[in-house]
Amino acid sequence: MRHGGRPNLTTTLSLEAEVARLIVEALHLEVTAEEIDPEAPLFGEGLGLDSIDALEIALAVSRRYGFQLRSDDERNHRIFASLRALSAHIEKNRAS
Amino acid sequence: MAAFPLTSRAPGEVIFHRGVVPVTVARFLAEVAALAARLPGEGPVLNFCADRYLALVGFAAALSRGQTTLLSADRSPQRLADIARGHGARYALSDTGAALPVPVLSPEAAPGDAAPNPMVPAAMVAAIGFTSGSTGEPRPHAKPWGALVAGARGAAERFGVTAGMSILGTVPAQHMYGFETTVMMPLHGGGAGHAGVVFYPSDIAEALAGLPAPRLLVTTPLQMRALLGSEVALPPLAGVISATAPLGEEMAAEAEAAWGAPVREIYGATEAGSIASRRTLDGEAWEPYPGMRFEIDAEGASVSVPGLPAPVPLSDRLEWVGEGRFRLEGRLADMVKLAGKRASLAGLTRILTGIEGVEDGVFVAPDDLDVNPRARLAAAVVAPGMSAAAVVAALRAKVEPAFLPRPVVMLPALPRDAVGKVSRGAIVALAWKR
């Protein structure tokens, strides 16, 4: 549930868990949603995702949350920096 | 000695769009001359500019100085450093920072007073593209200027690219397919390129909307899938070109219906460049580009490309279907292609078993590799004391991300059949049981 304005901590944590599940399902990952370190990098060394995955995540996000990810260079690196960063970006931009 | 000018376009034509700014051929030539004057005296140059226009200006400036450009579709620091070291790069051109074993220059585009259109010998090696060798090392494929020019002219004719057409590419300028269609095409075929980097569906839609019609979208099956799935609206298109992986008939039909434009595919390889095309919905027959000579027999197929010194072996099995056209029978079993890059399963397996702590292992491809744009390879690994994550971490240093195995199945021993051969079927069943 949202309470207008800034999301409270509970909302953020539950959204984070939801996004983790979305990623694991969309990408058919080996790990479980609970095993994803919310602070670890999603790409490269951390979870080891690549550009094919980035497109998959963009597609899953647009379907579930009703908005499009974009590649404005630096901002995009921040958004995909970690599960926590991606979840915060979704919280800010979600249409549904 | 045969030679071609840097560009065959008229000075007043638009060759590129940078944001909302159209760049004419005259301005482009002035910017090339200004950059060429600043370049170090000797190449080759490793050009990994993300901005497509800067990639073009850098390539053209190097060419006008008689310097060869090294193109790497893989922009990972390690791969770039390997190429710079292994292939004699004297310096690099980039619009993003990177730590490399050679000096890195930023190719700002600013016009000088003169705008010459230099003649370049047809035999000069203008660019070198790279594929992964069997042990992961970059293997060079030289592109003489004459071959690149002939390819661009042939492609423009094949796809009806005219002077006023806008070309939006979603493939890096350094990938051979992206280089031919979005760098060489504006120089010698026609059309105007788009400078910005586009990747996600909304980027593509926005960039297309900012370009004047008629618009040509140059992309991949993976990005078409994302575009169609996310249902972003595109402005009217004159055509869509897809390459790097086979495009399913169903997706081609969906794309033609959604975008109201013919969807055509290019068949090619880094070694040979673009060599044939087809409209996906017209059937499975590929029409060779002008001047290509195919040799097809039971052993395999090769193609002689105008301007290349020797026939190029292909990693697919081909079959003639009449009227000078062929169809693809399938790939040679060992070769896999993912995200526009090719690798050998045997080569990947050699890299895997070379990892310290790995006693045995094998890479396998899923049955749907050729039809599922999201397919991944799997690996079965025998490495007592190592986790799957540790195996992947060790592979990451030597293998391009697209080929990293997903899943990794850790086993006490590889499953073998009655004659002692590793059983692919048993591994497939373990890897993709879910």
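Note that the coordinates shown come from a computational prediction; the quantities given were computed from them, not determined experimentally.

Definitions and cut-offs
- Residues numbered from 1 in each chain as written.
- Chains lettered and ligands numbered in written order.
- Predicted model: local features only at pLDDT ≥ 70, side-chain atom pairs only at ≥ 80, totals over all residues.
- Heavy atoms only, no water.
- Helix = DSSP H or I, 4+ residues; strand = E, 2+ residues; numbered from the N terminus.
- Rg over C-alpha atoms; globule rule 2.2 N^0.38 Å.
- Buried < 20%, exposed > 50% of the residue type's maximum accessible area, 1.4 Å probe, protein only.
- Contact = heavy atoms within 4.5 Å.
- Areas by Shrake-Rupley, 256 points an atom, 1.4 Å probe, with all protein chains shown as cover.
- Lys, Arg positive; Asp, Glu negative; His and termini not counted.
- Charge placed at Lys NZ, Arg CZ, Asp CG, Glu CD.
- pLDDT = per-residue confidence, 0-100.
- Expected span 1.5 Å × (residues − 1).
- Pairing = 2+ DSSP bridges.
- Right-handed = clockwise from strand over helix to strand, strands pointing away.
- Buried area = accessible area lost by both parts, 1.4 Å probe.
- Salt bridge = Lys/Arg side-chain N within 4 Å of Asp/Glu carboxyl O.
- Polar contact = N/O pair within 3.5 Å; in protein donor to acceptor, adjacent residues only side chain to side chain.
- Nonpolar A, V, L, I, M, F, W, Y, C, P; charged D, E, K, R; others polar.

What follows is about the overall build of chain B. Tallying secondary structure elements over chain B gives 11 helices and 27 strands in all. Since a compact globule built from 434 residues should have a radius of gyration of about 22 Å, the 22 Å found for chain B is in line with a globular shape. Across its three principal axes, chain B shows a C-alpha extent of roughly 75 × 50 × 45 Å. Burial statistics for chain B: of 434 residues in total, 56% are counted as buried. Taking the intrachain contacts of chain B between residues at least 6 apart in sequence as the baseline, contacts between residues at least 24 apart amount to 63%. When the accessible surface of chain B is split by element, carbon and sulfur atoms take 55% of a total near 17200 Å². For chain B, the separation between the mean place of its 38 positive charges and that of its 40 negative charges on side chains is 4 Å.

The next point concerns the confidence of the model for chain B. Interpreting fine coordinate detail is not advised for predicted regions of low pLDDT. Per-residue pLDDT for chain B averages 92, and the proportion of residues at 70 or more is 99%. Taken over the whole predicted complex, pTM reads 0.87, whereas the ipTM for its chain interfaces reads 0.77.

You can see Ser-304 of chain B is positioned in strand S19 (residues 300-304). Filtering out sequence-adjacent residues up to four positions away, Ser-304 of chain B remains in contact with Gly-291, Met-292, Arg-293 and Pro-311 of chain B.

Attention shifts here to helix H4 (residues 145-159) of chain B. Residue and element names in this part refer to chain B. Taking 1.5 Å per residue as the helical rise, H4 with its 15 residues ought to reach 21 Å, and the 21 Å between its terminal C-alpha atoms agrees with that figure. Judged by how many residues are buried, H4 sits mostly within the fold: 11 of 15 residues are covered. Considered for burial, the residues of H4 that qualify are Trp-145, Gly-146, Ala-147, Leu-148, Val-149, Ala-152, Gly-154, Ala-155, Ala-156, Arg-158 and Phe-159. Looking at the residues trailing H4, positive phi occurs at Gly-160, about 60 degrees.

Residues and elements named next belong to chain B. Of all the five residues making up strand S13 (residues 215-219), five are buried; the element is thus mostly covered by neighbouring parts of the structure. In terms of strand pairing, strand S11 (residues 166-169) meets S13 through four bridges, oriented parallel. Bridge assignment links Ser-166 to a residue of S13, and that residue is Arg-215. Pairing of S13 with strand S14 (residues 239-242), which is carried by four bridges, proceeds in the parallel orientation. Each bridged residue has a counterpart across the sheet, and for Leu-217 the counterpart in S14 is Val-240. What joins S13 to S14 is helix H7 (residues 221-230), and the crossover it makes is right-handed.

This part is about the interface of chain A and chain B. Counting from both sides, the interface comprises 26 residues of chain A and, opposite them, 24 residues of chain B. Each partner contributes to the roughly 2100 Å² buried at the junction of chain A and chain B, and carbon and sulfur atoms together form 50% of this total. When residues of chain A are sorted by the area they lose upon contact with chain B, Glu-30, Ile-52 and Leu-55 of chain A head the list and together hold 30% of the total. At the junction of chain A with chain B, the criterion picks out six salt bridges. Among the ionic pairs, Arg-406 of chain B bridges to Asp-53 of chain A, the shortest N-O distance being 2.9 Å. Joining chain A to chain B, the criterion identifies nine residue pairs in polar contact (both at pLDDT 80 or more). The leading source of residues in the side of chain A that touches chain B is helix H2 (residues 51-65) of chain A, at 10 residues. Taken together, the residues of the side of chain A that touches chain B break down into 11 nonpolar, eight polar and seven charged.

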